[in-house]
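Examination of the molecular architecture
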Amino acid sequence: MTHEKLLFALHTSKDTYISGEELADRFSVSRTSVWNHIDYLRKQGYTIEAHPNLGYRLINVPDRLLPDEIQYELNTKVIGRKIYSFEEINSTNDTAWEKAIKGEPEGAVIFAEFQTKGRGRLKRQWFSPGRKGLLFSVILKPHLAPNYVPMITAMSAVSVARAITKYTGLSSWIKWPNDIFVNGKKAAGILTEINTELDVIKFVVLGIGVNANMDKFSDDIKKTATSLRLEGGMDYSRVELSKEILRSLEHYYNLLLEKKWDEIIVEWKNLSYVLGKRIKVVQGGKKIEGQAMGIDEQGALVVRHDDGVIDYVITGDVICC
Ligand code: BTN
């Protein structure tokens, strides 16, 4: 018997007790083995009541990003079929990259409670106090040319924004290319990294950071960053939010694989923080100014200059609104 099976049995019996004898029979193990697994789960943070006559009952699950909890009733086919969870690592993107190089299949997800070298786009740092946010990376292997990478980021942004809104009820918006905004401040970010060979993508590592339950930010970012907790006034289950994001990602990733660009673009437009607005896109020393018109099928931002000329922008920071 693995602890996963025991946990599943405890989860499915909901509020009723299951006796040690029944569990031992069901899994053809000794009652001592059942007890050892219960002990292991308790050490992981589960609260399991043991009644002398009635048996065991699951009282509370920890809000820790444990594979068993995230996989329970996840109901996805590919995204999250394998989940790794670390207490502390450099960066989930680095670990995902190493695993992908070694042949980890598509859909594997690497979670961490704390990163020592969490990074954002353009080599910026990504801070997250332990056990407050969501830090994870997903390995994808789409059969697409590298110029579709901005569309992969756009698809991911749609997935994250939709999942946040579905789970928390907070309206969330996409600030091209990779920021998720709630009430005008950044609540999540996406870092897309790719490994290519000739003209095809070998794999993509999609790093997602969500400011879930932080209650404060350092002075340098507090004007621009927020958390779901600060906006919603409550703590959210990081496990449930993770599941919602993985389900959403599977849905929109399937649209991407089916090349249903239009469906993704429509969703992106509905959620866009910049659409129709006058913006500046800063690319190093260069600035592109105009009106944000949408994204094209490769995820490039379509900008119309005052003279009517259209630019397709694939990278940069948007200043707007
Ligand atoms: C950004 O807004 O610039 C992107 C932030 C991405 C942060 C996530 S946290 C999990 C994953 N691991 C990292 O080192 N970065 C991404």
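Our subject in this report is the structure included herewith.

Procedures and definitions
Residues numbered from 1 in each chain as written. Predicted model: local features only at pLDDT ≥ 70, side-chain atom pairs only at ≥ 80, totals over all residues. Heavy atoms only, no water. Phe/Tyr/Trp six-rings, centres within 6.5 Å; stacked < 30°, edge-to-face > 60°. Helix = DSSP H or I, 4+ residues; strand = E, 2+ residues; numbered from the N terminus. Buried < 20%, exposed > 50% of the residue type's maximum accessible area, 1.4 Å probe, protein only. Lys NZ or Arg CZ within 6 Å of the ring centre and 35° of its normal.

**Examining the packing of aromatic side chains**
Going through the model one piece at a time under the given rule, you end up with 6 aromatic pairs. Plain terms: the ring middles of Phe 8 and Tyr 72 are 5.8 Å apart, the flat faces sit at 70° to each other, and that makes the pair edge-to-face. A residue pair is termed long-range when its members are at least 10 positions apart, and Phe 8 in helix α1 (residues 3-12) and Tyr 72 in the loop between α4 (67-71) and β3 (83-89) qualify at 64 residues. Residue classification places Phe 8 among the partly exposed positions, given a relative accessible area of 48%. Taking the centre distance of 5.0 Å and the plane angle of 20° together, the rings of Tyr 148 and Trp 261 count as stacked. Placement of the pair is Tyr 148 in the loop between β5 (134-140) and α6 (149-168) and Trp 261 in helix α9 (residues 261-271), with a sequence separation of 113 residues. Of the two residues, Tyr 148 and Trp 261, both sit in the buried class. Geometry around Tyr 84 places Lys 99 over its ring, the cationic atom sitting 3.9 Å from the centre. The aromatic ring of Tyr 273 is capped on one face by Lys 277, whose charged end is 4.5 Å from the ring centroid.

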